[in-house]
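# Analysis of the macromolecular model
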Amino acid sequence: MPTFAEARDLVLNSATPLGVEVVGLLDACGRVLATDQISNWDLPMWDNSAMDGFAVRAQECREGSVLPVVGFLPAGRAATQALEAGSAARILTGAPIPPGSDCVVPFELTQEHHDSIRLLTQPRAGDHIRRKGSDLRVGDRVLAAGTLIRPSEIAIFASLAIAGVPVTRRPQVAILSTGDELLRPGDPLEPGRIFDSNGPALAAAVLEAGGTPIILPIARDDPAALRQQLQQGLRADVLVTSAGVSTGDRDLVRATLAELGAQEVFWKVAIQPGRPMAFAVTEECRIISLPGNPVAALLTFELFVRPALRRMGGHRRPIEATIRATLGESVRPRSDRMTLRRVCLEQIGDQLVATSSGQQATGYVQTLVRADGIALIPVGIDPLPVGTVVEVHPLRKSGDFSGGN
Ligand code: AMP
Ligand code: MG
């Protein structure tokens, strides 16, 4: 039985970045740039004023000099002629510096009198000028392939007049809930049945991880039906199934996948909860069979499926960084498997403290909802005392930690 790290590597190593598609600027936000972006021109494109003020020639100016104002250059208008010797041009931020001028004196360092100004400072050449190419030069690599595109990257594309951005394709992820007991939203409740929560929850998790979910109809624990649904799911880049993957009489997922030609890479991982998960591959598809229990299904999605989807989606770092926290209570590890402990996180002084989010038995979804992270408790014999440092996979941004409140 592979350890957590071994199993995650096996999944990650079989996930490779998908192909490229070109999308519009706004659709690129949140996507991953597929190829290096080279600057097609200098930015700024010309020397321009960094201030509202007066363009002058430094060498003609002293503190107290009086100069006639001979022109007005708002942003968006380029000077058509050179600045005359001994004069100043009124210029606004962003306007190109007129030929002949070599610095800008801000309004607040001048006194205006009718059509002339008196300088309250001695300017130096280059003052308050943003130089052509000082931000980017033509041919510079502006953004590297693998960059997550945020509003600041969109600003770069827009200022280079790029309307179509090459991004890595989103993985198509088929989601298949299996089980005779499962009802769909709107079905009448019947004794012994439950509503399918894994389907919607895993679809939402796929969206959050940058994939496109394709929710298949629920598969019953019947070989023929299951086979047909799995076959459909194998057309996607990734097939995520839930339930039917342990050793019960109705656990048919693995055998049916094998019949369809999928090669099993592993079954069972040394973690609790989540042990009975399986990973198999076909040429076209990666198949991750998650346990049915909703807590186990979502935890294993976080730790195995999300990194795989990120790698397929082109992210440079598919595994998101864990954070370190100190245990707020003593924890007894398991001797055979790593424990995925649902914890609340709270900053207390200089320590991030992890405490149980409640009942750790797998059936309690409430404690997953409350949890800020998953503490990875390594295999061990002796109880870990209060204050032990552990790795935590965050489930929220730090500003949103509930701290158990
Ligand atoms: P199984 O792996 O088929 O033995 O299922 C384990 C547990 O998870 C059982 O209690 C199932 O009823 C429950 N379960 C399985 N699939 C789902 C689902 N899609 N939504 C909610 N609970 C589920
Ligand atoms: Mg079942």
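Residues numbered from 1 in each chain as written. Chains lettered and ligands numbered in written order. Predicted model: local features only at pLDDT ≥ 70, side-chain atom pairs only at ≥ 80, totals over all residues. Heavy atoms only, no water.

Moving on: unusual backbone geometry. Cis geometry marks the peptide bond from Leu 43 to Pro 44, where omega comes out at -10°. Assignment of secondary structure puts Pro 44 in the loop between β2 (37–38) and β3 (48–49). The omega angle of the peptide bond from Gln 272 to Pro 273 is -5°, so this bond is cis rather than trans. Checked against the element boundaries, Pro 273 lands in the loop between β19 (271–272) and β20 (278–281). (Helix = DSSP H or I, 4+ residues; strand = E, 2+ residues; numbered from the N terminus.)

Turning to the site of ligand 1, a few remarks are in order. Around ligand 1 sit 14 residues, and of these Glu 181, Asp 196, Ser 197, Gly 244 and Gly 292 come closest. Asp 196 is positioned with one of its side-chain polar atoms (N or O) 2.8 Å from a nitrogen atom of ligand 1. In this structure, a nitrogen atom belonging to ligand 1 sits 3.3 Å away from a main-chain N or O atom of Asn 198. Its free accessible area being 490 Å², ligand 1 has 71% of it covered by the protein chains. (Near = heavy atom within 4 Å. Polar contact = N/O pair within 3.5 Å; in protein donor to acceptor, adjacent residues only side chain to side chain. Areas by Shrake-Rupley, 256 points an atom, 1.4 Å probe, with all protein chains shown as cover.)

Moving on, we get to the packing of aromatic side chains. If you walk through the whole model with that rule in mind, you get 3 aromatic pairs. Taking the centre distance of 5.8 Å and the plane angle of 40° together, the rings of Phe 266 and Phe 279 count as tilted. Linking Phe 266 in strand β18 (residues 263–267) with Phe 279 in strand β20, this pair joins segments that are 13 residues apart in sequence. Owing to a relative accessible area of 5%, Phe 266 belongs among the buried residues under this scheme. Classification of Phe 279 as buried rests on a relative accessible area of 1%. It is Arg 254 that lies over the ring of Trp 267; its NZ or CZ is 3.7 Å from the centre. Across from the ring centre of Trp 267, 4.5 Å away, lies the NZ or CZ of Lys 268, which sits over that ring. (Phe/Tyr/Trp six-rings, centres within 6.5 Å; stacked < 30°, edge-to-face > 60°. Buried < 20%, exposed > 50% of the residue type's maximum accessible area, 1.4 Å probe, protein only. Lys NZ or Arg CZ within 6 Å of the ring centre and 35° of its normal.)

Their axes nearest at 10 Å, the elements helix α4 (residues 198–208) and helix α7 (residues 294–312) cross at an angle of 25°. With respect to α7, the element α4 is oriented roughly parallel. As α4 runs across α7, the sense of the crossing is right-handed. Where α4 approaches α7, its residues Asn 198, Ala 201, Leu 202, Ala 205, Val 206 and Glu 208 are matched on the opposing element by Pro 294, Ala 297, Leu 298, Phe 301, Arg 306 and Leu 309. Each residue belonging to the contact of α4 with α7 can be placed in one class, and the counts come to 9 nonpolar, 1 polar and 2 charged. (Axes fitted to C-alpha atoms, helices over the stretch in contact; angles between N-to-C directions. Parallel < 35°, antiparallel > 145°, perpendicular 65-115°, else oblique. Left-handed = near helix turned anticlockwise from the far one by under 90°. Contact = heavy atoms within 4.5 Å. Nonpolar A, V, L, I, M, F, W, Y, C, P; charged D, E, K, R; others polar.)

On to the side chain of Thr 326. Within the secondary structure, Thr 326 is located in strand β22 (residues 323–327). Residue classification places Thr 326 among the buried positions, given a relative accessible area of 9%. In this structure Thr 326 touches Gln 351, Leu 352, Val 353, Ala 354, Gly 387, Thr 388 and Val 389, once residues within four positions along its chain are discounted.

The next point concerns the pairing of strand β24 (residues 351–356). In the sheet, β22 pairs with β24 via 2 bridges, with the strands oriented parallel. Pairing of Thr 326 across the sheet is with Val 353, part of β24. Two elements, strand β23 (residues 338–348) and β24, share 6 bridges in a ladder whose sense is antiparallel. Counterpart to Leu 345 in the pairing with β24 is Ala 354. (Pairing = 2+ DSSP bridges.)

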